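Breakdown of the fold
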Amino acid sequence: MKAISVDNLTRDYGTFRAVDHISFDVEPGEFFGFLGPNGAGKTTTIRMLTGLSEPTEGTALIMGYDIARDTYHAKEHFGVVPEVSNIYEDLSAWNNLMFAGELYGLSYTKRTARAREILDIFDLAEFRDKKVHGFSKGMRRKLTLGMALIHEPDILFLDEPTSGLDVESSLLLKEILSRMNREGTTIFLTTHTLEEANTLCNRIAIIVKGRIAAVDAPENLKKTIQTTQSVEVSLDSMTPRVTEDLAAIKTVTSSRHEGNKLRLFTPYPGDVATAVFAYAGEHHLKILSINTVGPSLEDAFLSIVQKQRNHRTGEMP
Ligand SMILES: Nc1ncnc2c1ncn2[C@@H]1O[C@H](COP(=O)(O)OP(=O)(O)OP(=O)(O)O)[C@@H](O)[C@H]1O
Ligand SMILES: [Mg+2]
């Protein structure tokens, strides 16, 4: 059985089609990334998958239960960290957790035991009786995540959980998600941080203007744009003359300055690296650093999004 099975899911707002017949499956245990530019339809999709918004057309099954028709059973299997926080400012951390536990129908014993565990995991125990309105952004995000986990769901939906978090909090959150996934939780994550998607997700869907433009492993998405390989080099002297010579190396198609480094784009990074070493030797220059850089997920993302946009524009009457 699939953890999530989406078939032709569509959502209209008046005459505007926010999500346009999307279909994909997520296997149990997957860490699935859902990426796309602002306004692409990610939040609208998550809202439909979690029963907060009704599809205009199509279906979504969560662990086999139709979210629109069998919402109660579907909801037992997932937790949500929404884009806009769902915590009660005037309640304490503890009471927010109790409230979430009640919503999921947990017994008093069960929800108090889970709440204690969660406060420990998220390092919030000392704030358990403090009202949320004094909490920092990171503390709120941790509490929201804790509330989504109170009933130990099989699947976790997260809509940009790390946005606005500092480096440390976002690392902590990613570690927690990684660990949960290793322990078996299926994760559906929306993010604008491609590095995050690259390291966490085993598969990524890219949505553009309400349609799925690609679904694949990050490694395969990168392979779709092989041509953007490059060699990044930094020499102890980077005069305009040197830069010009390096850019003129055979098979270098274009070059770009990146800080004190020069990035040489080429289909043959090995040959270019050899030529750089030879050039440096000949001109008594020291190589401070040299790296061959494959296409990044960011390059792949931009290329896929632009292609899909052009395709869609071309389609308009
Ligand atoms: N309640 C609504 N009424 C009308 N239009 C809406 C509504 N909710 C979303 N939309 C529109 O649907 C489109 C998709 O919005 P959505 O919030 O799903 O995008 P998103 O991919 O989550 O973007 P972001 O990255 O900015 O969060 C947008 O054009 C948005 O304006
Ligand atoms: Mg959104």
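Residues numbered from 1 in each chain as written. Chains lettered and ligands numbered in written order. Predicted model: local features only at pLDDT ≥ 70, side-chain atom pairs only at ≥ 80, totals over all residues. Heavy atoms only, no water.

**What to know about the overall build of the protein**
Assigned secondary structure in the protein consists of 11 helices and 14 strands. Each principal axis of the C-alpha distribution contributes one length, and for the protein these read about 75 × 55 × 35 Å. Out of the 317 residues in the protein, the part that is buried amounts to 47%. For the protein, the accessible surface area stands at approximately 16000 Å², while carbon and sulfur atoms represent 50% of it. Distance between charge centroids for the protein: 2 Å, based on 35 positive and 42 negative side chains. (Helix = DSSP H or I, 4+ residues; strand = E, 2+ residues; numbered from the N terminus. Buried < 20%, exposed > 50% of the residue type's maximum accessible area, 1.4 Å probe, protein only. Areas by Shrake-Rupley, 256 points an atom, 1.4 Å probe, with all protein chains shown as cover. Lys, Arg positive; Asp, Glu negative; His and termini not counted. Charge placed at Lys NZ, Arg CZ, Asp CG, Glu CD.)

**Comments concerning the domain arrangement of the protein**
For an interface, size is often stated in terms of accessible area lost upon the parts coming together. Each domain of the protein was delimited in the assignment, giving domain 1 (4–217) and domain 2 (226–293). The C-alpha centroid of domain 2 is placed 44 Å from the C-alpha centroid of domain 1. (Domains from an automatic or database assignment.)

**A look at the sheet that holds strand β6 (residues 78–81)**
Taking strand neighbours across the sheet as the criterion, the 6 strands line up as β6-β7-β8-β3-β9-β10 in an open arrangement whose pairing is mixed. Each edge of the sheet is formed by a strand with only one pairing partner; in this case those strands are β6 and β10 (211–216). Across the sheet, the mean angle separating the axes of adjacent strands is 15 degrees when strand polarity is ignored. Examined bridge by bridge, strand β7 (residues 155–159) and strand β8 (residues 186–190) share 5 bridges and lie parallel to one another. Looking at β8, one finds that Leu156 is bridged to Ile187. Seen against the sheet, helix α1 (residues 42–49) touches β3 (31–35), β6, β7, β8 and β9 (203–208) and runs at an angle of roughly 150 degrees to β7. (Pairing = 2+ DSSP bridges. Axes fitted to C-alpha atoms, helices over the stretch in contact; angles between N-to-C directions. Contact = heavy atoms within 4.5 Å.)

**A word on the coordination of the magnesium ion (ligand 2)**
Around the magnesium ion (ligand 2), the protein supplies Thr43 (OG1) and Glu83 (OE) as donor atoms, at distances of 1.9 to 2.3 Å. With Thr43 in helix α1 and Glu83 in the loop between β6 and α3 (93–103), this pair connects stretches of sequence that are 40 residues apart. Thr43 sits in the partly exposed class, given a relative accessible area of 22%. (Donors = N, O, S within 2.8 Å, 3.2 Å for Na, K, Ca; no water.)

**A look at the site of ligand 1**
Close to ligand 1 lie 14 residues; Gly39, Lys42, Thr43, Thr44 and Glu83 are nearest. The contact in question runs from an oxygen atom of ligand 1 to an N or O atom on the backbone of Ala40, over 3.2 Å. In the model, an oxygen atom of ligand 1 is placed 2.8 Å from a nitrogen or oxygen of the Lys42 side chain. When ligand 1 sits alone it has 630 Å² of accessible area, and the protein chains cover 61% of it. Of all the secondary structure elements, the ones that give two or more residues to the shell around ligand 1 are β2 (16–26) and α1. Looking at which element gives the most residues to the shell around ligand 1, the answer is α1, with 3 residues. Along the lines of polarity and charge, the residues of the shell around ligand 1 split into 5 nonpolar, 6 polar and 3 charged. (Near = heavy atom within 4 Å. Polar contact = N/O pair within 3.5 Å; in protein donor to acceptor, adjacent residues only side chain to side chain. Nonpolar A, V, L, I, M, F, W, Y, C, P; charged D, E, K, R; others polar.)

**Topic: the sheet that holds strand β4 (residues 57–62)**
In spatial order, the strands read β2-β1-β4-β5; together these 4 strands make up an open sheet with antiparallel pairing. Two strands close off the open sheet at either side, each with one partner strand: β2 and β5 (65–66). In this sheet, β5 lies alongside β4 in antiparallel orientation, the contact comprising 2 bridges. Residue pairing for β5: Ile62 is matched across the bridge by Tyr65. The strands touched by α1 within the sheet are β1 (4–13), β2 and β4, with β1 carrying the most contacts at an inclination of about 120 degrees.

**Points about the packing of α3 against helix α5 (residues 137–149)**
Where α3 meets α5, the axes come as close as 8 Å, and the angle between the chain directions of the two elements is 30 degrees. Here α3 is positioned roughly parallel relative to α5, judged by the angle of their axes. At the point where α3 passes α5, the crossing takes the right-handed sense. For the pair α3 and α5, contact is made by Ala93, Asn96, Leu97 and Ala100 and by Leu143, Gly146 and Met147, respectively. Looking at the contact of α3 with α5 residue by residue, the class counts come to 5 nonpolar, 2 polar and no charged. (Parallel < 35°, antiparallel > 145°, perpendicular 65-115°, else oblique. Left-handed = near helix turned anticlockwise from the far one by under 90°.)

**Let's talk about the environment of Tyr65**
Locating Tyr65 in the fold gives a position in strand β5. As a C-alpha pair, Tyr65 and Ser5 span 60 residues in sequence and 9.5 Å in three-dimensional space. Beyond its immediate stretch of four places on either side in the chain, Tyr65 contacts Ala60, Asp70, His73, Ala74 and His77.

**Re the nonpolar core**
Ranked by size, the top nonpolar core spans 48 residues in total, and within it Leu143, Leu145 and Ile206 carry the most contacts. In terms of residue count, α5 provides more of this core than any other element does, 6 residues in total. Setting aside its immediate chain neighbours within four residues, Leu143 contacts Ile87, Ala93, Asn96, Leu97, Leu124, Val132 and Phe135. Counting 26 residues, the second largest nonpolar core, distinct from the first, contains Met63, Phe157, Phe188 and Ala205. (Core = buried A, V, L, I, M, F, W, Y, C linked by side-chain atoms within 4.5 Å.)

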